[in-house]
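Reading the structure
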Amino acid sequence: MSVLASGLFQDMFSTREMREIFSDRNMVQKWIDVEVALAEAEAELGVIPKEAAAEIRKKGKVENFSLEEIGKGILATWHPIVPLVRQFESLCEKPWGEYIHWGATTQDIMDTGMMLQVREALQVVERDLKKLHEIAKNLAAKYRSTVMAGRTHGQQGLPLTFGYKAAVWADELYRHLERLQALKAKTNTGNLSGGVGTLASLGSRAAEVRELFFAKLGMDTPEVTWHSARDRIAETVFLLSLIGTTLGKIGNEIVQLQRTEIGELEEPFYHGKVGSSTMPQKRNPMACEIVVTISAFLRQNTALVMQSMMMEHERDMRVWALEWDLVPTCFKLASAALSHMQWVLEKLNVNEKRMAANLGVSNGLIMAEAVFMKLAESIGHQKAHDIVYDLAMKSFEENVPFGDVLKRDEEVKSHLSEQELGRLLDTANYTGLSDYFVEKALNQK
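Quick look at the structure, then. (Residues numbered from 1 in each chain as written. Predicted model: local features only at pLDDT ≥ 70, side-chain atom pairs only at ≥ 80, totals over all residues. Heavy atoms only, no water.)

**Regarding the overall build of the chain**
Assigned secondary structure in the chain consists of 19 helices and 4 strands. Relative to the compact-globule value of 22 Å for 445 residues, the chain shows a C-alpha radius of gyration of 30 Å, a clear excess of over 25%. Reported as C-alpha extents along the three principal axes, the dimensions of the chain are approximately 100 × 50 × 35 Å. Considering only contacts within the chain whose residues lie at least 6 apart along the sequence, 75% involve residues at least 24 apart. Within the structure as shown, the chain displays about 21700 Å² of accessible surface, and the carbon and sulfur contribution to it stands at 53%. Between the centroid of the 51 positive side chains of the chain and the centroid of its 60 negative side chains there is a distance of 4 Å. (Helix = DSSP H or I, 4+ residues; strand = E, 2+ residues; numbered from the N terminus. Rg over C-alpha atoms; globule rule 2.2 N^0.38 Å. Contact = heavy atoms within 4.5 Å. Areas by Shrake-Rupley, 256 points an atom, 1.4 Å probe, with all protein chains shown as cover. Lys, Arg positive; Asp, Glu negative; His and termini not counted. Charge placed at Lys NZ, Arg CZ, Asp CG, Glu CD.)

Structure representation (structure tokens):
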């Protein structure tokens, strides 16, 4: 059982809005819209009678169709579009139904219909990504002066501000918005190309029909048929995976900083949110964990979408059919990750007191670089590094405050006064360009 198809789990792994976009009903309506646009373009250019286009337009509403019968027809014929065309024809007054699908091939209808769904879905992704970007910027602004430990290799490294950490998130989200704009321009198109892509079926009017067909759908006419060139689809899935992985990274960061021993961040909690069926005290970061899981699903799908690019000759259902699941699945997963992370970041519990307290757990060693760099001004970089290294190891191994070890060292005392050491050991004085980077992120629109 797929979590996306489960009535119990689907709201964790997708959103109702995205499920509607990729529902059977909306997919079939998009196929119908494509057939209607084709008929109207051909009628305007005299390829088919105008009466046919009018009748096709009149009957081209999904509520007139039986999705159940289309499904049965697909299984009976092993063909995804013929059952739709047959039912559409039966709905139309004779002889006008005979002009449905004139000159087109199945992939024309399905590719173009899918890209209409993608266009809808990208609008939702863009809306949610913009909102999340603003939330991250708000965090950066609010906590621009909140000092916390920066960590490398899982260990405390140097001080920074939580505002800076949020600015890094905002900056990454902003680049996804830029990528999304470029992707929207590439994907606002479809196919009308006939059997092998040449649209020979429409003779001398083929190019004109193509132009008018795409204009009626509000889409761009592709320069060249892309039946067998699936990079647009691959790039779409890649972007969703990139976005999902960024959200997974942020979610994982919150999971790590919510550890009992750290306790600097906590995903939103409300009475009734349960962490464990057996340990009543647990306040688990479940939403963040689901986002991390979703990001893993999305990354795995990038391998499959690369396979879908390996299309043989002018059409190859063996790999094309992968997209029928990949595209809806990835949009549904990404929509859930965006929704969950909006909620998490908007209501994130930031424990500033714990951040301040954790700056002291290393007995002052978090400020070793500050001392070493200042000492280097007098005795040189490598010599200063060696001295501070030895003193830092002594502080760690003997569990003695780093400041006390420094004050007792003759070499250090000869170059740095106690007052200067006190300033160098103050974490608030060593956050570097944290505020500068926050300001840069806040200026991104």
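Having seen it, we continue.
**Considerations on the environment of Gly 244**
With respect to the helices and strands, the residue Gly 244 is situated in helix H10 (residues 231-257). Gly 244 sits 47 residues away from Val 291 along the chain, and the two C-alpha atoms are 7.8 Å apart. Dropping the residues within four chain positions of it, Gly 244 is found in contact with Ser 295 and Leu 298.

**Describing unusual backbone geometry**
The omega torsion of the bond from Lys 94 to Pro 95 falls at 5°, within 30 degrees of zero and hence cis. Mapped onto the elements, Pro 95 comes out in the loop between helix H6 (82-91) and helix H7 (106-142). A positive phi is found at Leu 199, a non-glycine position, where the angle reads about 55°. Considering the arrangement of structural elements, one finds Leu 199 in the loop between helix H8 (162-187) and helix H9 (206-216). Unusually for a residue other than glycine, His 313 sits at a positive phi of about 55°.

**Topic: helix H19 (residues 434-442)**
For H19, the set of buried residues is Ser 434, Val 438, Ala 441 and Leu 442. The buried residues of H19 occupy one face: seen down the axis, they fall within an arc of 100°. In this structure, the buried side of H19 is in contact with H7, strand S2 (155-161) and H8. (Buried < 20%, exposed > 50% of the residue type's maximum accessible area, 1.4 Å probe, protein only. Arc of directions from axis to C-beta.)

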